[in-house]
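As a plain string of letters, each chain reads:
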Amino acid sequence: MRGAAVLATALLLCLLSLPAHAAPPAPAGTLPRPDLTGLRGVLRTAVAQGAPGAMARIDDHGTVRRVAVGVADRRTGRALSDGDRFRIGSVTKTFSAVVLMQLAAEGRLRLDAPVNRYLPGLLPDRRITVRHVLGHRSGLYDYANDLFARTVPGFESVRREVFTYRRLVGRSLRHPRTNRPGAAYSYSNTNFVVVGMLIEKLTGHTVRTEFQNRVFKPLGLRDTFYVHPGTRIPGRHARGYLTPDRVGAPLVDATDQTASWAQSAGAIISSARDVDRFLSALLSGRLTSPASLREMRHMVRVDDSQAYGLGLRRRELSCGVRVYGHTGAVQGYYTYAFATKDGRRSLTALATTSNNGRVLDTMPATLESAFCGKRPH
Ligand code: HEL
């Protein structure tokens, strides 16, 4: 009797700790069908709010669903297609995390060792571990806050710049740490610049080589590139448009840039097909050992509906489905890329503008349409 009461209390506590708007996690195998009409409506809204184009691709147990609205290029008026390549911004962080987790599984580094063991003297605090940087819990200040305090001048000042990793870390270290190592989640590009440095130090190769050999080639990602410090997107691609801070100012075509400010934190170019394939491979265990995937999916709560693992976000949807992936914002492009826990349904959605608050607020609804199968309100 007493056992049952304890169990009931535990269950109640567990339910109370769920986000206010979310249903309990949905049991496996009950995923609703995607709502393509709803998805098209969300993308149309993003275009009405100022994105020149918006598109999404769902890969669902081998069935592909595609929706695209608006243009890929405002000058030529070419229609956007789900096959267009684009800059995926911080979805790159999941690729970088995969490479580092592979190196950890090969015994080349320990997640709980100090970063400075592998990069002597880099960080001012020896307590910052590899796990802290992968989970944004290092307290390293995000140098992007300073770079992009003013959106268009900030972008134009880095558009053709080539940064070394050390220079980016140096910019972060001008500021005090945001928290004690491990004490709190605080998102920072600096963490994934450190991840890039670790990859290069441990392998003796560039991150481009490691991405290619460990992820792009094995998965056959033929639309995926790490172009740094070149400025062009190869092949057919969507142009990306930055929204200036001044209301009514014309959009800035931000497609061509070195993305050197981002590198291993955000410089990959890809397509919806490839990103879906990547997430599906990762979550179904084809890129890391089962133990590494468990570590990546071990989450720290960010807010009511989100949590962060190691280079991996989790979103909890209104229907109780939990999805794993990342979001990305690089000048001109805003990406949502998530998949179910088993990787069998994945969604990549893109809006071809960034720094537009209304579009950014609209894009999460793509997840509801893709995984909850009902029209978003
Ligand atoms: S920000 C994010 C997203 N992440 C982070 C990273 C990435 N992208 C950046 O740090 C770029 C900053 C934005 C640049 C620019 C724009 O919107 O294009 N904004 C400004 O200049 C504002 N003054 C947490 C949203 C992520 O989803 O992980 O990607």
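Scroll up to find the structure this text is about.
Values in this document were obtained by computation on a predicted structure and should not be read as measured data.

Student: Explain the packing of aromatic side chains to me, please; I cannot follow it from the model alone.
Tutor: For any pair of aromatic rings, the description rests on two quantities: the centre-to-centre distance and the angle between the ring planes. Summed over all chains, the structure comprises nine aromatic pairs. When the ring of Phe95 is compared with that of Phe216, the centres are 6.1 Å apart and the planes differ by 75°; the resulting orientation is edge-to-face. Within this pair, whereas Phe95 is found in helix H3 (residues 92-105), its partner Phe216 is found in helix H10 (residues 207-219), the two being separated by 121 residues in sequence. There is no split in this pair, since Phe95 and Phe216 are both buried.

Student: Looking at this structure, I do not really get the site of the ligand. What am I missing?
Tutor: Ser90, Phe148, Tyr187, Thr327 and Ser354 are the nearest of the 16 residues found near the ligand. Within the side chain of Asn189, a nitrogen or oxygen atom sits 2.9 Å from an oxygen atom of the ligand. The fraction of the free accessible surface of the ligand (640 Å²) that becomes covered by protein chains is 79%. Residue composition of the shell around the ligand, by class: six nonpolar, nine polar and one charged.

Student: Explanation requested: the pattern of salt bridges in the structure shown.
Tutor: When the charged atoms of two side chains with opposite charge come close together, those side chains can pair. For the structure on display, the rule yields 23 salt bridges. A salt bridge links Arg345 to Asp60, with the nearest nitrogen and oxygen atoms 3.2 Å apart. Note that Arg345 is positioned in strand S13 (residues 345-351) and Asp60 in strand S1 (residues 53-60), a separation of 285 residues in sequence. Neither residue differs from the other here; Arg345 and Asp60 are each classed as buried. With a shortest N-O distance of 2.8 Å, Asp125 and Arg127 are connected by a salt bridge. Its relative accessible area of 15% is what places Asp125 among the buried residues.

Student: Could you clarify how one ought to interpret the sheet that holds strand S14 (residues 353-354) in this entry?
Tutor: The strands making up a sheet associate through hydrogen bonds between their backbones, and the pairing can be parallel or antiparallel. Ordered in space as S6-S5-S14, the three strands form an open sheet in which the pairing is mixed. Looking at strand neighbours, the two that pair on one side only are strand S6 (252-253) and S14, the edges of this open sheet. Alignment of strand S5 (residues 241-242) against S14, held across two bridges, turns out to be parallel. When the bridges of S14 are listed, Tyr241 appears paired with Thr353.

Student: Honestly, the nonpolar core in this entry has me stumped. Any pointers?
Tutor: Across soluble globular proteins, nonpolar side chains show a tendency to be buried alongside one another. Counting 82 residues, the largest nonpolar core has Phe95, Leu100, Val115, Val130, Leu134, Val215 and Phe278 as the members making the most contacts within it. For Val215, the contacting residues outside a window of four places in its chain are Phe95, Val98, Val99, Glu210, Leu221 and Phe278. Counting 24 residues, the second largest nonpolar core, distinct from the first, contains Ala46, Val69, Phe338 and Ala351.

Student: What am I meant to see in the pairing of S1 here?
Tutor: Along a regular strand, successive side chains alternate from one face of the sheet to the other. A large share of S1 lies buried, amounting to eight of its eight residues. With burial as the criterion, each face of S1 is covered, one bearing Gly53, Met55, Arg57 and Asp59 and the other bearing Ala54, Ala56, Ile58 and Asp60. Inspection of the sheet shows S1 paired to strand S2 (residues 63-70) by eight bridges, in the antiparallel sense. What sits directly across from Asp59, in S2, is Val64. With seven bridges joining them, S1 and S13 adopt antiparallel strand pairing. Paired with Arg57 across the strands is Thr348, a residue of S13.

Student: Even after reading the chapter, I still don't get the environment of Leu350, so can you show me in this structure?
Tutor: Within the secondary structure, Leu350 sits in strand S13. Owing to a relative accessible area of 0%, Leu350 belongs among the buried residues under this scheme. Measuring from C-alpha to C-alpha, the distance between Leu350 and Thr327 comes to 9.9 Å, with 23 residues separating the pair along the chain. The contact partners of Leu350, leaving out residues within four places of it in the chain, are Gly53, Ala54, Met55, Phe86, Ala238, Tyr333, Tyr334, Thr335 and Met363.

The rules behind each value
- Residues numbered from 1 in each chain as written.
- Predicted model: local features only at pLDDT ≥ 70, side-chain atom pairs only at ≥ 80, totals over all residues.
- Heavy atoms only, no water.
- Phe/Tyr/Trp six-rings, centres within 6.5 Å; stacked < 30°, edge-to-face > 60°.
- Helix = DSSP H or I, 4+ residues; strand = E, 2+ residues; numbered from the N terminus.
- Buried < 20%, exposed > 50% of the residue type's maximum accessible area, 1.4 Å probe, protein only.
- Near = heavy atom within 4 Å.
- Polar contact = N/O pair within 3.5 Å; in protein donor to acceptor, adjacent residues only side chain to side chain.
- Areas by Shrake-Rupley, 256 points an atom, 1.4 Å probe, with all protein chains shown as cover.
- Nonpolar A, V, L, I, M, F, W, Y, C, P; charged D, E, K, R; others polar.
- Salt bridge = Lys/Arg side-chain N within 4 Å of Asp/Glu carboxyl O.
- Pairing = 2+ DSSP bridges.
- Core = buried A, V, L, I, M, F, W, Y, C linked by side-chain atoms within 4.5 Å.
- Contact = heavy atoms within 4.5 Å.

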